[in-house]
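Tertiary structure, described
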There are 4 protein chains.
Amino acid sequence: MPTILGQNQYGKAENRVVKITRDGAVHHIRDLNVSVALSGDMDDVHYSGSNAHVLPTDTTKNTVYAFAKQHGIASPEQFGTALARHFVTSQEAIRRARIRVEEYAWERVDTTASEAASGAGSASGGDGGPRHSFVRKGQETRTAQITYDGDRWEILSGLTGLTVLNSTDSEFSGYVKDAYTTLPEDHDRILATDVTAVWRHDTADGDGTAPDGGVRDWDESYARAKAHMLRAFAETYSLSLQQTLYQMGARVIDHCAGIDEIRFSMPNKHHFRVDLAPFGLTNDAADGAVYYAADRPYGLIEATVLRDGAEPRIPVDMTNL
Amino acid sequence: MPTILGQNQYGKAENRVVKITRDGAVHHIRDLNVSVALSGDMDDVHYSGSNAHVLPTDTTKNTVYAFAKQHGIASPEQFGTALARHFVTSQEAIRRARIRVEEYAWERVDTTASEAASGAGSASGGDGGPRHSFVRKGQETRTAQITYDGDRWEILSGLTGLTVLNSTDSEFSGYVKDAYTTLPEDHDRILATDVTAVWRHDTADGDGTAPDGGVRDWDESYARAKAHMLRAFAETYSLSLQQTLYQMGARVIDHCAGIDEIRFSMPNKHHFRVDLAPFGLTNDAADGAVYYAADRPYGLIEATVLRDGAEPRIPVDMTNL
Amino acid sequence: MPTILGQNQYGKAENRVVKITRDGAVHHIRDLNVSVALSGDMDDVHYSGSNAHVLPTDTTKNTVYAFAKQHGIASPEQFGTALARHFVTSQEAIRRARIRVEEYAWERVDTTASEAASGAGSASGGDGGPRHSFVRKGQETRTAQITYDGDRWEILSGLTGLTVLNSTDSEFSGYVKDAYTTLPEDHDRILATDVTAVWRHDTADGDGTAPDGGVRDWDESYARAKAHMLRAFAETYSLSLQQTLYQMGARVIDHCAGIDEIRFSMPNKHHFRVDLAPFGLTNDAADGAVYYAADRPYGLIEATVLRDGAEPRIPVDMTNL
Amino acid sequence: MPTILGQNQYGKAENRVVKITRDGAVHHIRDLNVSVALSGDMDDVHYSGSNAHVLPTDTTKNTVYAFAKQHGIASPEQFGTALARHFVTSQEAIRRARIRVEEYAWERVDTTASEAASGAGSASGGDGGPRHSFVRKGQETRTAQITYDGDRWEILSGLTGLTVLNSTDSEFSGYVKDAYTTLPEDHDRILATDVTAVWRHDTADGDGTAPDGGVRDWDESYARAKAHMLRAFAETYSLSLQQTLYQMGARVIDHCAGIDEIRFSMPNKHHFRVDLAPFGLTNDAADGAVYYAADRPYGLIEATVLRDGAEPRIPVDMTNL
């Protein structure tokens, strides 16, 4: 046979599962998109079409929904861990499971606050408002990827679509000029990007859900990582987007025990100061300027930041989970 | 000539303009997408290709950027009004200008609050933080459309992409059953939708920017309309999405002087309770259930709500600005 | 009551229906996206939530699938006509039905031809190849909208996403210059656009399916309209995109009996000749040039062309079906 | 320092370049989207913001456009090779360049053929028609990735968005059943997928552009790979999508000298036969059936096929170029 099978995986992708938890009149929501990818003893199905080792992708979908009911959804990481363990331990032919999760955040419709915001005063007390109404927050998408091969765990968390902008404290100068360089230096520019980040948790203790033997608070871990990323973006006087990226990564690792590696993919969303001189107008950054927000092309900066001594394991080509 | 020209318009669409205003170290941002459509004495350019009456679309783009500098961007409505007036009053051949605006909301990176949120304590005081860092809010897109023909103004405001969900207090029953009906009644379902709304302001006084002779606070007007829409969605015990839609519209008109008409396009984003009986599991809404969030098909409910006596003018086919 | 209900409609949108017809070993495919919108005596459901007049949107979905089996899908127009008639004639509360259809074209996998194309020679004869394998054509999306109110029919056909480009025979000059004009004239530019078109068929004879009392060949009608549109685009020496648009519309009406009105929405997809002078290179159109294909902003040209004497009925704001 | 920099790369992404070549009145078009990613001695820019080693992304953009003029675009692979060589050999700090290219196919507007297609007969001869009018083909996107580190070349070609469907000769049965399995076996189902494929060329001879010392015909190579992929899809009686995938890969490797490895990512685009029994209708595949084309979730099958003895080098996580 002149050809052979290489790495392969299969499963049901993008299972959209919403779990409502009722705490009396107060409801809670988790809104996920779950993708299952399984590998193992799968030569036959590729070579001959025999499905004798194939758990149907439809079954993996059913399992996602049943597990949401049976085990609840405490976090993307916990939910993915339960699913990955199940597939690897219950199916002899399956040697490795990779669960990817996207989570969409919701916030409560705060009828009191929104009334205040509208300047209309507040009649209803805080207690009496509805507790089952939500509006999608709409900011970044939270991501996670849990991989288990029966022995080792890998747990990645991340986010995508977090759009940030500094309207000053950014320059770009002192760069290489070759025969194709026309860009003028800029000492006061807008710096804007859509952050996609993936970070890897220490799973040295084995089961991945509790590096210290207890249960990790994945929601707190995520909030902390995002907050430090935003702070580093805001507080760095930027000489290049690379520098800002590195500061964001270093700060997450410095402040988040158990995160050993983080990789970013950050487009430089160019905001070009418009030349208004033909119309007799100045448009200096210092006076507050008008910018053209460009679509394409865009600079694209990708890099990994590591805790010193940690091994890089996040694939270079995995720009998003 | 067996064919003739009918209604026509032209202009530059999707001019992405970002305006930074500096108030000392505190910066402000407005982030718009502006589309210009002009009509008038344009037979020749269609019939013979003569551009003698055609102001280039490139010029309309330049005008958008120059006006952002010259007049600032106080609101989508104010900015659109200035542009519409300019085109109609400065170009003899142009009899009507329609300006559409999308606005993307940003919030400040609150380094103090985000630190607190991460549970890491707060070292820096509120005063010392950066004041030029923003994160895109990411919720709904605000919209506006200003039309001027040299005589009458029409000012529409709106929003799109506001995703809301009630996890209870929604039913659907008592409907018509015909030979193709299989849907079971449901007395406790999720109700979710992406709200697109367009509302029309009273411009009886002429220039559209100030119904009472003063300057309307368009930002406040928008916040108020959105807040009442959300409250009505949250507080309505829903027997049908049509009923919820009507309550949302009625509430906006009741609470917002100067809004005479509102039209909604609201998909019924179906969340189907998953049948877990094959796995020996119950999945009742009352206990907190697991749902499958479906993509397509979806119910689509569209309707106009009017102040009694007002004339309907929002086109039925204009589902979004 | 200070508010009242205006125009409203509801139904199931985006029912994705694929119909396979078997003619022995030769299969045929129709691949549609069908949206139903119904109007009528619907005050109660909006005011009080009573569903007594409401045929569920789920039922309209079921009807789409059942009709595809019972009546087949001869064309988007024929299928939409059958559905519209059904809803209006079978439900007392429903006074008007509007059916929108998108169709995606497929072509056969021609194993003989593709082998030849690959330069590998052809071993298998034309007869022996599979007759049930298709590859999506991927060009434009065909559209249709059928509206029936129990008395009058309106039948619109259309297309969207037909991307065309002329690499010469296009100029833009002789236009108005005002204080904001900086655009240089161009006597040899690329003209490119994504055509969206909607055209209206004569339905004077009543039922819309057969203006001459017979059955109209809707597929032939569509192919003819598209072909003439393409020819007019290719054969017009263009002084403006408006002129090209008009020629496309006029040609369709001239060559297609029964089409009385056509409306276009055509973005001017700008291809800017790159300034390579800083690198010591000329980049003249006449020598074959390099262009930057821009995303936003873009010129947007919209216009209606009418058979002389015909009444304009395609809504100005309905840029696509 | 507790953190260190890991793998990193930067450059300008999505440069949209269109090159027109004029051969008298006959024009030719190449329409690319080119992304540049450079790596090398870039520690300083990350650690301190020093740009002393940074060739601006704007310069890489200029280089793309200048090279399109200077060297032309013979194919995505040739163009990417020229760019990669340039960056690595001209900049001391740059040790590795990766060029990604998407290409969009156009076909000529055949005014003769389209007239015939419309049934209107043909008056104009084949010779007289325009030769500078194109319509975007709209089928798959062709891709390529060229990587050069000053020593070794890697050349990948690929495609994405090739949507194919078999309306019979596909079954799925004999699979594992566990407690979460509810799927019934199906012996006559639709098999449909959107093919994304990446294949790797033998570059053992060094410069990657000519394995045999001459110039490889990349367009012919691409057409051949695509044709064999389509044939294998059409001619395989499928017991599983995995089997079909493997046949597609094996056939490409068998018939295309110089292709040693191919990786696929193929969603199982489910077409569910609709249950019409509630309406008294049968809907058997054998009679020609009605299907619901689902969006999400979908099965996702990914696998590599290798020439026996070849080393797998296409990253598992690089599902598309």
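Residues numbered from 1 in each chain as written. Chains lettered and ligands numbered in written order. Predicted model: local features only at pLDDT ≥ 70, side-chain atom pairs only at ≥ 80, totals over all residues. Heavy atoms only, no water.

**Re the overall build of chain A**
Helix and strand counts for chain A come out as six helices and 13 strands. By principal-axis analysis of the C-alpha atoms, chain A measures approximately 75 × 70 × 40 Å. Accessible surface, chain A as shown: approximately 10,900 Å² in total, 47% of it carbon and sulfur. (Helix = DSSP H or I, 4+ residues; strand = E, 2+ residues; numbered from the N terminus. Areas by Shrake-Rupley, 256 points an atom, 1.4 Å probe, with all protein chains shown as cover.)

**A look at the environment of C:Phe87**
As for its position among the elements, C:Phe87 is in helix H3 (residues 76-90). The residues touching C:Phe87, leaving out its near neighbours within four places in the chain, are C:Val36, C:Leu38, C:Leu55, C:Thr60, C:Thr63, C:Ile94, C:Ala97 and C:Ile99. (Contact = heavy atoms within 4.5 Å.)

**So, the relation of the copies chain A and chain D**
Both copies of the chain are tied together by a single rotation about an axis and a shift running along it. Overlaying chain A on chain D yields an RMSD of 0.0 Å, the required transformation being a rotation through 180° with an accompanying axial translation of 0.0 Å. Expressed as a symmetry operation, the mapping of one chain copy onto the other fits a two-fold axis. Nearest to the rotation axis, the C-alpha of A:Asp317 is located 3.0 Å from it, this being the minimum over chain A. (Least-squares fit on C-alpha atoms with pLDDT ≥ 70 in both.)

**Considerations on the relation of the copies chain A and chain C**
Expressed as a screw transformation, the operator carrying chain A onto chain C has a rotation angle of 180° and an axial translation of 0.0 Å, and the superposed copies differ by an RMSD of 0.0 Å. Taken together, the interface assignments show that 100% of the residues at the interface of chain A recur at the interface of chain C, consistent with an identical surface on both copies.

**Regarding the packing of helix H2 (residues 57-71) of chain C against H3(C)**
All names here are of chain C. Packing of H2 against H3 leaves a shortest axis separation of 11 Å and a crossing angle of 125°. One finds that H2 runs oblique with respect to H3. In this structure, H2 crosses over H3, and the sense of that crossing is right-handed. Along the contact surface, H2 presents Thr60, Thr63, Val64, Phe67, Ala68 and His71, while H3 presents Gln78, Phe79, Ala82, Leu83, His86 and Phe87. Its residues assigned to classes, the contact of H2 with H3 comprises seven nonpolar, five polar and no charged. (Axes fitted to C-alpha atoms, helices over the stretch in contact; angles between N-to-C directions. Parallel < 35°, antiparallel > 145°, perpendicular 65-115°, else oblique. Left-handed = near helix turned anticlockwise from the far one by under 90°. Nonpolar A, V, L, I, M, F, W, Y, C, P; charged D, E, K, R; others polar.)

**Here's the deal with the packing of aromatic side chains**
Aromatic ring pairs: the centre-centre distance and the angle between the two ring planes describe each pair. This structure, assessed with the given rule, holds 28 aromatic pairs over all chains. With a centroid separation of 5.5 Å and an interplanar angle of 50°, the aromatic rings of B:Tyr180 and D:Phe279 are classed as tilted. Taken as a pair, B:Tyr180 in the loop between strand E8 (153-166) and strand E9 (191-201) and D:Phe279 in the loop between strand E11 (271-273) and strand E12 (290-293) lie in two separate chains rather than in one. Taking relative accessible area as the criterion, B:Tyr180 reaches 11% and is therefore assigned buried. Here the aromatic residues A:Phe67, B:Phe279 and D:Tyr180 are joined through ring pairs into a cluster of three or more. Here the guanidinium or amino end of A:Lys177 rests over the ring plane of A:Tyr175, the centre of that ring lying 4.4 Å away. (Phe/Tyr/Trp six-rings, centres within 6.5 Å; stacked < 30°, edge-to-face > 60°. Buried < 20%, exposed > 50% of the residue type's maximum accessible area, 1.4 Å probe, protein only. Lys NZ or Arg CZ within 6 Å of the ring centre and 35° of its normal.)

**Section: the interface of chain A and chain C**
The accessible area lost on association of the parts is a frequent measure of interface size. Chain A puts nine residues into the contact, and the matching count from chain C is nine residues. With both chains or domains summed, chain A and chain C bury close to 790 Å², and 54% of this area falls on carbon and sulfur atoms. Considering only the surface of chain A that becomes buried against chain C, A:Phe279, A:Asp295 and A:Arg296 emerge as the three largest contributors, covering 54% of it. The tally of links between chain A and chain C comes to two salt bridges. Its salt-bridge partner being A:Arg296, residue C:Asp295 comes within 2.9 Å of it at the nearest N-O pair. (Buried area = accessible area lost by both parts, 1.4 Å probe. Salt bridge = Lys/Arg side-chain N within 4 Å of Asp/Glu carboxyl O.)

**Structural notes on the pattern of salt bridges**
Following the criterion strictly, the structure yields 84 salt bridges over all chains and no others. Among the ionic pairs, A:Asp58 bridges to A:Lys61, the shortest N-O distance being 3.2 Å. Taken together, the residues span about one helical turn, with A:Asp58 and A:Lys61 both in helix H2 (residues 57-70) at a distance of three residues. Across the pair C:Lys269 and C:Asp194 runs a salt bridge whose closest N-O atoms are separated by 3.3 Å. Taken as a pair, C:Lys269 in the loop between strand E10 (259-268) and strand E11 (271-273) and C:Asp194 in strand E9 (residues 191-201) lie far apart in primary sequence, 75 residues in all. The exposure class of C:Asp194 is partly exposed, given its relative accessible area of 22%. Bridged by salt links that share partners, the residues A:Arg30, A:Glu77, A:Glu103, A:Arg142 and A:Asp219 form one connected network.

**Quick notes on the confidence of the model for chain A**
In the predicted model, chain A carries a mean pLDDT of 92, and the fraction of residues at 70 or more is 90%. For this predicted complex, the interface score ipTM comes out at 0.94, alongside a pTM of 0.95. (pLDDT = per-residue confidence, 0-100.)

**What about the interface of chain A and chain D?**
At the interface, 78 residues of chain A touch 78 residues of chain D. For the pair chain A and chain D, the summed buried surface comes to about 6,600 Å²; carbon and sulfur atoms form 52% of the total. For chain A, the biggest contributors to the area lost against chain D are A:Tyr180, A:Tyr246 and A:Asp317; these three give 11% of the whole. The tally of links between chain A and chain D comes to four salt bridges. Between D:Arg296 and A:Glu14 there is a salt bridge, with the nearest N and O atoms lying 2.8 Å from each other. Summed over the shared surface of chain A and chain D, the result is 46 residue pairs in polar contact (both at pLDDT 80 or more). Of all the secondary-structure elements, those providing two or more residues to the side of chain A that touches chain D are strand E1 (3-13), strand E2 (15-23), helix H1 (43-47), H2, strand E4 (94-103), helix H6 (241-255) and strand E13 (298-307) of chain A. (Polar contact = N/O pair within 3.5 Å; in protein donor to acceptor, adjacent residues only side chain to side chain.)

**Considerations on unusual backbone geometry**
The peptide bond linking B:Arg296 to B:Pro297 adopts the cis configuration, its omega dihedral lying at -10°. Tracing the backbone through its elements, the reader meets B:Pro297 in the loop between strand E12 (290-293) and strand E13 (298-307). Positive phi, normally seen in glycine, also occurs at C:Asp169, with a value near 60°. With respect to the helices and strands, C:Asp169 occurs in the loop between strand E8 (153-166) and E9. A residue is classified by how much of its surface remains accessible, and C:Asp169, at 27% relative accessible area, is partly exposed. Non-glycine residue D:Glu14 carries a positive phi angle of around 60°. The residue D:Glu14 is located in the loop between strand E1 (3-13) and strand E2 (15-23) in this model.

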